[in-house]
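Architecture at a glance
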Amino acid sequence: MDNNLRLRNPSARGYSVITANDAASTVTFTLPAVTSEITISDSANGQTLIASGNTAQRPTGLTTEAIRFNTDLGALEYYSSYYNSWNNVGNNPTINISYLVVAAGGGGGWNTGGGGGAGGLLANSTTITVGTAYTITVGGGGAGASSGVAGSRGADSVFSSITSTGGGGGGSGSVAPTSGGSGGGSGNNYAGSAANGTSGQGNAGGKSNFGAPNYPGSGGGGAGAVGSNALQAVGGNGGNGLASSITGSSITYAGGGGGGINQGGPAGTGGTGGGANGSISSSPAGTVNLGGGGGGSSITGGAGGSGVVILSVPTTFCSNTYTGSPTVTVSGANTILKFTSSGTYTA
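The structure reproduced in this document is the subject of the present report.

About the thresholds
Residues numbered from 1 in each chain as written. Predicted model: local features only at pLDDT ≥ 70, side-chain atom pairs only at ≥ 80, totals over all residues. Heavy atoms only, no water. Helix = DSSP H or I, 4+ residues; strand = E, 2+ residues; numbered from the N terminus. Buried < 20%, exposed > 50% of the residue type's maximum accessible area, 1.4 Å probe, protein only. Contact = heavy atoms within 4.5 Å. Pairing = 2+ DSSP bridges. Phe/Tyr/Trp six-rings, centres within 6.5 Å; stacked < 30°, edge-to-face > 60°. Lys NZ or Arg CZ within 6 Å of the ring centre and 35° of its normal. Axes fitted to C-alpha atoms, helices over the stretch in contact; angles between N-to-C directions. Salt bridge = Lys/Arg side-chain N within 4 Å of Asp/Glu carboxyl O. Polar contact = N/O pair within 3.5 Å; in protein donor to acceptor, adjacent residues only side chain to side chain.

**Considering the side chain of Ser-244**
Considering the arrangement of structural elements, one finds Ser-244 in strand β13 (residues 242-244). We classify Ser-244 as buried; its relative accessible area is 13%. Setting aside anything within four residues of it in sequence, one finds Ser-244 in contact with Leu-100, Ser-249, Ser-250, Ile-251 and Tyr-253.

**Topic: unusual backbone geometry**
Residue Pro-213 is reached from Ala-212 by a cis peptide bond, and omega for that bond is 5°. The backbone phi angle of Thr-112 is positive, close to 50°, even though this residue is not glycine. Locating Thr-112 in the fold gives a position in the loop between β8 (94-102) and β9 (121-129). Classification of Thr-112 as buried rests on a relative accessible area of 2%. Unusually for a residue other than glycine, Ser-160 sits at a positive phi of about 55°. Tracing the sequence through the fold places Ser-160 in the loop between β11 (157-159) and β12 (162-164). Judged by its relative accessible area of 36%, Ser-160 is partly exposed.

**Description of the pairing of strand β10 (residues 133-137)**
Residues of β10 alternate between two faces, with Tyr-134 and Ile-136 buried on one and Ala-133, Thr-135 and Thr-137 left unburied on the opposite face. Note: β10 against strand β19 (residues 343-346), 4 bridges, orientation antiparallel. Its bridge partner lying in β19, Thr-135 is registered against Thr-344.

**A closer look at the packing of aromatic side chains**
With the rule as written, the count across this model stands at 6 aromatic pairs. Relative to Phe-159, the ring of Tyr-99 has its centre 6.3 Å away and its plane inclined at 45°; by these criteria the two rings are tilted. Highlighted residues: Tyr-99 in strand β8 and Phe-159 in strand β11, separated in sequence by 60 residues. Of the residues examined, Tyr-99 reaches a relative accessible area of 10% and is grouped as buried. An aromatic cluster is defined as three or more aromatic residues linked by ring pairs; in this entry it consists of Tyr-82, Tyr-83 and Phe-317. Here the guanidinium or amino end of Arg-68 rests over the ring plane of Trp-86, the centre of that ring lying 5.7 Å away.

**Description of the sheet that holds strand β16 (residues 321-323)**
In spatial order, the strands read β12-β11-β10-β19-β16; together these 5 strands make up an open sheet with antiparallel pairing. Every interior strand has two partners, whereas the edge strands, β12 and β16, have only one. On average, each strand axis in the sheet is inclined to that of its neighbour by 15°, with strand direction left out of account. Relative to β19, β16 runs antiparallel, the two being bridged by 3 bridges. Counterpart to Tyr-322 in the pairing with β19 is Tyr-345.

**Section: the pattern of salt bridges**
Side-chain pairs of opposite charge can arise whenever the charged atoms involved come near each other. What the rule picks out here adds up to 3 salt bridges. Across the pair Glu-77 and Arg-58 runs a salt bridge, and its minimum N-O distance is 2.8 Å. Of the two residues, Glu-77 is situated in strand β6 (residues 75-80) and Arg-58 in the loop between β4 (52-53) and β5 (66-70); the sequence distance between them amounts to 19 residues. Take Glu-77: its relative accessible area is 0%, and that puts it in the buried class. Here Arg-58 falls in the partly exposed class, since its relative accessible area comes to 24%. Ionic pairing is found between Arg-153 and Asp-156, a salt bridge with its closest N-O pair at 2.9 Å. Here Arg-153 falls in the partly exposed class, since its relative accessible area comes to 42%. Among the charged side chains, a salt-bridge network with shared partners connects Arg-58, Arg-68 and Glu-77.

**A short note on the side chain of Ser-172**
When you line up the elements, Ser-172 lands in the loop between β12 and β13. A polar contact of 2.6 Å, which involves the side chain of Ser-172, links it to the backbone oxygen of Val-149. In contact with Ser-172, other than residues within four places in its own chain, are Gly-109, Trp-110, Gly-113, Ala-145, Ser-147, Val-149 and Ala-150.

Here you go:
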């Protein structure tokens, strides 16, 4: 008996011979060139038996395509060596990417107001499906307050279903600040609670309950720290942001705006990551595309900085199919798409 599998040809005499090459525990059958397909079935039950197992039992280290039934998912799945992923039969392959989504900063308060809160910051990895178009929205900065209201909240930034919340507006005098990705700072003479940040995205703004003669405002919250409370003669500093190296260089995003002051001691400084300084007589704005909060001021508060969405896609799998005007660079094995305005990316 040799190691060949012999199939009878029903339309002619003789057999078609399939050679079995035994290497380790794997037996490979090589079809003759004239054979286009082979069907193996259980003649009694009319079925083909294939390997099955749960997700944890998936083979690893594969370099060729494979197919199996996943008992956890209740579905037939295949392995793509090109995309290095398991996928349900009938579904397109998926790609692992990294993202940074920063919302816009909130506007600063007026009347020695509090600094604007930084835009919410989300950074992680996710899977995207080949052939699918994903919507990207980059939030615009909140306007600074110029009357008896708080600064405006910054707009959200969105990638697919991932939404970072816009920064809260700084309080104006005794007008309450607003919550957001990070909360806005309190204006002078505000005795209420601090404005909260969004869990996992930012921090609360600072508090101030000081009046004459300096009327200091407190700092807006940042992605990395809460805004500082005001002191009697010093405006509160904005909370610091968080650094990301998704572009290949370390850049800090989402700092809170500094609190304003009326006279005397210094206004608060903006948090690292684009937070604007507070002011006595100007309206400092948060840095564009860093999501920084606007500065509080004794006049009109400063506007918040716009947000940004950055994708890091393995260059091998990057489609370079997008709308809008992202800046496209390469860092190591990844292509970086930096969206400073809204658009789409198709995987």
